Amino acid sequence: MEATIEVTQLSKSYAGVAAVENVDISIGRGEVFGLLGANGAGKSTLIECILGTKRQDQGTVTILGMNPQTNRKSLFERVGVQFQESGYQDKITVGELCEVTQSLYRNSLDYNALLKQFGLLDKLKSPVNELSGGQKQRLFIVLALVPDPEVVFLDELTTGLDPKARRDVWKSLSELKAKGLTIFLVSHFMDEVEMLCDKICILKQGRSIFYGTVQEAIAASPYEKFEDAYLWYTNEEEQDDARI
Ligand SMILES: Nc1ncnc2c1ncn2[C@@H]1O[C@H](COP(=O)(O)OP(=O)(O)OP(=O)(O)O)[C@@H](O)[C@H]1O
């Protein structure tokens, strides 16, 4: 079966400095994929190349069978993106922002149902900039889902959410996954990754240093807890130094 996202030997440098180097990724329909790595590891660069907003120096990207560079318009209709800083007008209300977002797409879901699912229906008339951090975060997930996408990119999904809200978001995403939504997640929370991701890639200085399941990541490390294993992967050099 054709992968929903296929990245082969992707490399991208800025002024001769490598940000992403020879990365391979393959994500099937309905899979949740987690991209992990420290600040500056190359996650955003890789995502931008996958979305076609940046051009890689080498390698290929196929998303929903298309080349993102040449099919930006078709992909826009079928791919949802949630990022931490979305631009919106100063006084716009939740309902208006949903309306504006909906109008950008040919097909869309009922945003009232999404707001309800993410516990925001009572905020319909509230100005977006009067929402709490966690409410805003959930609103941006809703906006990413408005186009009824086949693939969704979620960056720092539950940053700033209280424990109950995190669980609720995980539950909603699991339901969407069960319906066939492919989810590309960037997360710094290992409990979240463990809970949601079928497969992960750990980037370190632009290189993929681990690719596989969370269970495989733990098994190939000296640790039993995933967070310990993750830190071991990302800090290996320092640990080697410490042993000397
Ligand atoms: N437009 C740019 N011009 C020059 N260098 C850049 C540019 N964008 C990113 N970089 C560099 O490329 C490297 C990877 O950055 P990138 O933003 O992809 O990392 P990241 O993993 O998304 O980080 P974070 O978790 O902090 O968002 C960093 O060293 C960064 O300084």
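This is a predicted model, so every value here is computed, not measured.

Let us now look at the site of the ligand. Around the ligand, the structure places Tyr-14, Ala-19, Gly-37, Asn-39, Gly-40, Ala-41, Gly-42, Lys-43, Ser-44 and Thr-45. At three residues, helix H1 (residues 43–51) tops the list of elements feeding residues into the shell around the ligand. Its residues placed into classes, the shell around the ligand shows three nonpolar, six polar and one charged.

Now for helix H5 (residues 133–145). In this model, H5 (13 residues) spans 19 Å end to end at C-alpha, consistent with the 18 Å of a helix rising 1.5 Å per residue. Taken across its 13 residues, H5 has 10 buried, putting it largely inside the fold. Taken as a whole, H5 has its buried residues at Gln-135, Gln-137, Arg-138, Leu-139, Phe-140, Ile-141, Val-142, Leu-143, Ala-144 and Leu-145. At its buried positions, H5 is contacted by strand E5 (79–82), helix H3 (94–103), helix H4 (111–117), strand E6 (151–155) and helix H6 (163–178).

All right, on to unusual backbone geometry then. Positive phi, normally seen in glycine, also occurs at Leu-64, with a value near 50°. Here Leu-64 lies in the loop between strand E4 (58–63) and helix H2 (72–78). A residue is classified by how many C-beta atoms lie within 10 Å of it, and Leu-64, with 19 of them, is partly exposed. For Gln-205, which is not a glycine, the phi torsion comes out positive at approximately 45°. Residue placement: Gln-205 occurs in the loop between strand E8 (199–204) and strand E9 (207–212).

Here is what the cut-offs are and how they apply
Residues numbered from 1 in each chain as written. Predicted model: local features only at pLDDT ≥ 70, side-chain atom pairs only at ≥ 80, totals over all residues. Near = placed C-beta within 6 Å. Helix = DSSP H or I, 4+ residues; strand = E, 2+ residues; numbered from the N terminus. Nonpolar A, V, L, I, M, F, W, Y, C, P; charged D, E, K, R; others polar. Expected span 1.5 Å × (residues − 1). Buried ≥ 20, exposed ≤ 12 C-beta atoms within 10 Å, placed from the backbone. Contact = placed C-beta atoms within 7 Å.

None of the figures reported here should be taken as evidence of function without further support.
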